[in-house]
Amino acid sequence: MLATLEGLDGSGKTTVWEALHERYPDATFTREPTNSWYGDAVYRSIEDDEADPLAELFLYTADHADHLSRVIEPALERGDLVVSDRYSDSRFAYQGATLAAAEGHDLADPLEYVVDVHEPFSITPDLTIYFDLDPETAAERAGATNKFEHADYLADVRANYERLLEREPDRFARVNATQDPDAVLEAVADALERTLAGSDGRDAAGTGR
Ligand SMILES: Nc1ncnc2c1ncn2[C@@H]1O[C@H](COP(=O)(O)OP(=O)(O)O)[C@@H](O)[C@H]1O
Ligand SMILES: Cc1cn([C@H]2C[C@H](O)[C@@H](COP(=O)(O)OP(=O)(O)O)O2)c(=O)[nH]c1=O
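Residues numbered from 1 in each chain as written. Chains lettered and ligands numbered in written order. Predicted model: local features only at pLDDT ≥ 70, side-chain atom pairs only at ≥ 80, totals over all residues.

## Considering the UniProt feature "binding site: ATP" (unreviewed entry) in the chain
This is how the line gets drawn: UniProt positions are given in the numbering used here, feature names are shortened, and annotations may be inferred rather than shown by experiment. To qualify as a helix, a DSSP run of H or I must reach at least 4 residues; to qualify as a strand, a run of E must reach at least 2; elements of each kind are numbered from the N terminus. The burial criterion counts other C-beta atoms lying within 10 Å of a residue's C-beta, which is placed from the backbone; the residue is buried at 20 or more, exposed at 12 or fewer, and partly exposed between these limits. Note on contacts: residues are paired as contacts if their backbone-placed C-beta atoms lie within 7 Å.
Mapped onto the present numbering, the UniProt feature "binding site: ATP" (unreviewed entry) falls on Gly7, Leu8, Asp9, Gly10, Ser11, Gly12, Lys13 and Thr14. Tracing the chain through its elements places Leu8 in the loop between strand 1 (2-7) and helix 1 (13-23). Taking the C-beta count within 10 Å as the criterion, Leu8 has 30 such neighbours and is therefore assigned buried. Residues in contact with Leu8, not counting those within four places in the same chain, are Leu133, Pro135, Ala138, Leu154, Val157 and Arg158. By secondary structure assignment, the location of Gly10 is in the loop between strand 1 and helix 1. If we ignore the near neighbours within four places in the chain, the residues touching Gly10 are Ala138, Ala139, Arg141 and Ala142.

## Notes on the site of ligand 2
Here is the rule we go by: Nearness is defined per residue: the C-beta atom, placed using the backbone, must lie within 6 Å of the molecule or strand.
As a structural note, the neighbourhood of ligand 2 is formed by 16 residues, with Asp9, Ser90, Arg91, Tyr94 and Phe148 the closest of them. Counting only elements with at least two residues in the shell around ligand 2, the list comes to helix 1 and helix 4 (88-101).

## Section: unusual backbone geometry
At the junction of Glu32 and Pro33, the peptide bond is cis and its omega measures out at -5° in the coordinates. Tracing the chain through its elements places Pro33 in the loop between strand 2 (28-31) and helix 2 (37-46).

## Brief notes about the environment of Arg141
Along the chain, the position of Arg141 falls in helix 6 (residues 135-142). Remark: the alpha-carbon pair of Arg141 and Ser11, spanning 130 residues in sequence, is separated by 7.7 Å.

The following block contains the structure:
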C-alpha cells in the first residue's frame, strides 16, 4: 500500500514521518525530492530564484520517475507499506501555483496540466494524508528559508491542495496540523490503520495501482 504525506512547508510532515518509523519497522520510508542526483538537481533549482518554472516542473518530475522505478515499484511489488514524505500532489499544488504566476506560459489550468503530465506513468497513492495548516503558521514554522516558504505563495499552494481534496475526497484524509505533535501523529496513525484494514485482500500484490 502506498501512503503519502502532503501539506505546506512547516506543516509537520517530516516530524510525523520520522515518528512512524518506530511504529512500522518493516515499512519502506521514502521522500521527494529524493536523495538521488535527480533530487540534487531539484535542490539546485529550489535555491535558484531565477529558475524557469517549467524547467523546474520537469526536474521534479524526472526525480519522481526515477523514484517510482528505483524505490516505489520494487517496494510495492514486495508487498511493503510505503510511506512517502511528499509525492505527486506536491507538484500538482506547488508547480500548479508557480506556473499560474509565471509569465510566458500560456496554460489554461496549470494544476490540471501538471496532473496530466503524471497521468500516463505515475502510481496513484492509496491514501494521502493532508496536513492542514494556515500559510502564516506554515511559513513561520518553516523559517522562510527558500523561495517557496512565503505566506502569500503558500496561500496559493493551499488553495490548490483544497482543489485536489475536492477532486478526490476518498483518497485524502485531512489532519488538523495545528494540534500538538502527539495529536497529529495519532490522527495520522488512525488514518493509516483505517486504510490498511480496508486494503486487506483487495490488493494482495500491494501494487497500489
Ligand atoms: N504539531 C506541531 N506543532 C508545532 N510545531 C511543530 C509541529 N510539528 C512540527 N513542528 C515544528 O515545525 C517545524 C517544521 O516541521 P517539519 O516536520 O519539518 O515540517 P515539514 O516536513 O512539513 O516541512 C519543525 O521545527 C518542527 O519541530
Ligand atoms: C516534491 C516537491 C517539493 N516541492 C517543494 C516544497 C518545498 O518547499 C521544497 C522542498 O521540499 P521538502 O524538502 O520536503 O521541504 P519541507 O520539508 O519544508 O516540506 O520543494 C515542490 O515545489 N514540488 C514538488 O514536487
